[in-house]
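Residues per chain, in single letters:
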There are 2 protein chains.
Amino acid sequence: MARVVVDVMPKQEILDPQGQAVANALPRLGFDGVTSVRQGKRFELEVDDSVDDAALAKIAETLLANTVIEDWTVRRVES
Amino acid sequence: MARVVVDVMPKQEILDPQGQAVANALPRLGFDGVTSVRQGKRFELEVDDSVDDAALAKIAETLLANTVIEDWTVRRVES
């Protein structure tokens, strides 16, 4: 059994309205000094040892990320 | 200028319908061996050096996470 984290973030060239909204809200709430916010998704998966890196990449690419507008990374973490 | 990652995940005892939907979809799509999926949010912030860890914790706690149902972690990453 392994623990896997998949991070999915909007590509740099893609507008990120959610992140923009957070960035705009911060000064209004009294937090200065944050110059950029980007919002993405984080998935935590528990997988059997039979699931190899190729399968994980396929899962991230086809199901968790929209590769037209998002980049993804997969990494195994110690559980 | 520093790069900060804030991870926001649903608390363990909270139902996570989005993650559940992904977990249920995987076997239908031919991916077996994934026993659990939890979906959360990942924020990437660029902050000035004037922003200290206390301010980052405050931002995560008040603006990025709903602490009733979500846990958060803040970490600085090398940019």
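Presented here is an overview of the structure given in this document. Keep in mind the model is a prediction, meaning the values are calculated, not measured.

### Some thoughts on the sheet that holds strand 1 (residues 2-10) of chain B
Consideration 1: Read across the sheet, six strands follow the order 3(A)-1(A)-2(A)-2(B)-1(B)-3(B) without closing on themselves; strand pairing throughout is antiparallel. Edge positions in the sheet fall to strand 3 (70-77) of chain A together with strand 3 (70-77) of chain B, since each has one partner strand and no second. Each neighbouring strand pair of the sheet contributes to a mean axis angle of 25°, computed without reference to strand direction.
Consideration 2: As judged from the eight bridges shared by strand 1 (residues 2-10) of chain A and strand 3 of chain A, these two strands associate in the antiparallel manner. Following the sheet pairing, Val6 of chain A is matched in strand 3 of chain A by Val74 of chain A.
Consideration 3: The strands touched by helix 1 (residues 17-28) of chain A within the sheet are strand 2 (34-47) of chain A together with strand 2 (34-47) of chain B, with strand 2 of chain A carrying the most contacts at an inclination of about 130°.
Consideration 4: Packing against the sheet, helix 2 (residues 53-64) of chain A makes contact with strand 1, strand 2 and strand 3 of chain A together with strand 2 of chain B, and its axis sits at approximately 145° to strand 3 of chain A.

### Some points on the interface of chain A and chain B
It is common to give the size of an interface as the accessible area lost on bringing the parts into contact.
Consideration 1: At the interface, 32 residues of chain A touch 32 residues of chain B.
Consideration 2: Of the roughly 2700 Å² buried between chain A and chain B, counting both surfaces, carbon and sulfur atoms make up 66%.
Consideration 3: Three residues stand out in chain A for area buried against chain B, namely Phe31, Arg42 and Leu63 of chain A, and they jointly supply 21% of the buried area on that side.
Consideration 4: Taken together, chain A and chain B are joined by two salt bridges.
Consideration 5: Taking the shortest distance from any N to any O, the salt bridge between Asp7 of chain A and Arg42 of chain B comes out at 2.9 Å.
Consideration 6: At the junction of chain A with chain B, the criterion picks out twelve residue pairs in polar contact (both at pLDDT 80 or more).
Consideration 7: Broken down by secondary-structure element, the contributors of at least two residues to the side of chain A that touches chain B are strand 1, helix 1, strand 2 and helix 2 of chain A.
Consideration 8: The biggest single contributor to the side of chain A that touches chain B is strand 2 of chain A, with 14 residues.

### Overview of the environment of Val6 of chain B
Residues and elements named next belong to chain B.
Consideration 1: With respect to the secondary-structure elements, Val6 resides in strand 1.
Consideration 2: Sequence spacing of Val6 and Thr73 is 67 residues, and the spatial spacing of their C-alpha atoms is 5.6 Å.
Consideration 3: Those residues in contact with Val6 that lie beyond four places of it in its chain are Lys41, Arg42, Phe43, Leu45, Ala60, Leu64, Thr73 and Val74.

### As for the relation of the copies chain A and chain B
Consideration 1: Between chain A and chain B, which share one sequence, the superposing operator has a rotation angle of 180° and an axial displacement of 0.0 Å; the RMSD is 0.0 Å. One copy is carried onto the other by what is essentially a two-fold rotation axis. The rotation axis passes nearest to the C-alpha of Lys41 of chain A in chain A, at a distance of 2.2 Å.
Consideration 2: Interface overlap between copies is the fraction of interface residues in one copy that are interface residues in the other; for chain A against chain B it reaches 100%, indicating a shared surface.

About the criteria used
- Residues numbered from 1 in each chain as written.
- Chains lettered and ligands numbered in written order.
- Predicted model: local features only at pLDDT ≥ 70, side-chain atom pairs only at ≥ 80, totals over all residues.
- Heavy atoms only, no water.
- Pairing = 2+ DSSP bridges.
- Helix = DSSP H or I, 4+ residues; strand = E, 2+ residues; numbered from the N terminus.
- Axes fitted to C-alpha atoms, helices over the stretch in contact; angles between N-to-C directions.
- Contact = heavy atoms within 4.5 Å.
- Buried area = accessible area lost by both parts, 1.4 Å probe.
- Salt bridge = Lys/Arg side-chain N within 4 Å of Asp/Glu carboxyl O.
- Polar contact = N/O pair within 3.5 Å; in protein donor to acceptor, adjacent residues only side chain to side chain.
- Least-squares fit on C-alpha atoms with pLDDT ≥ 70 in both.

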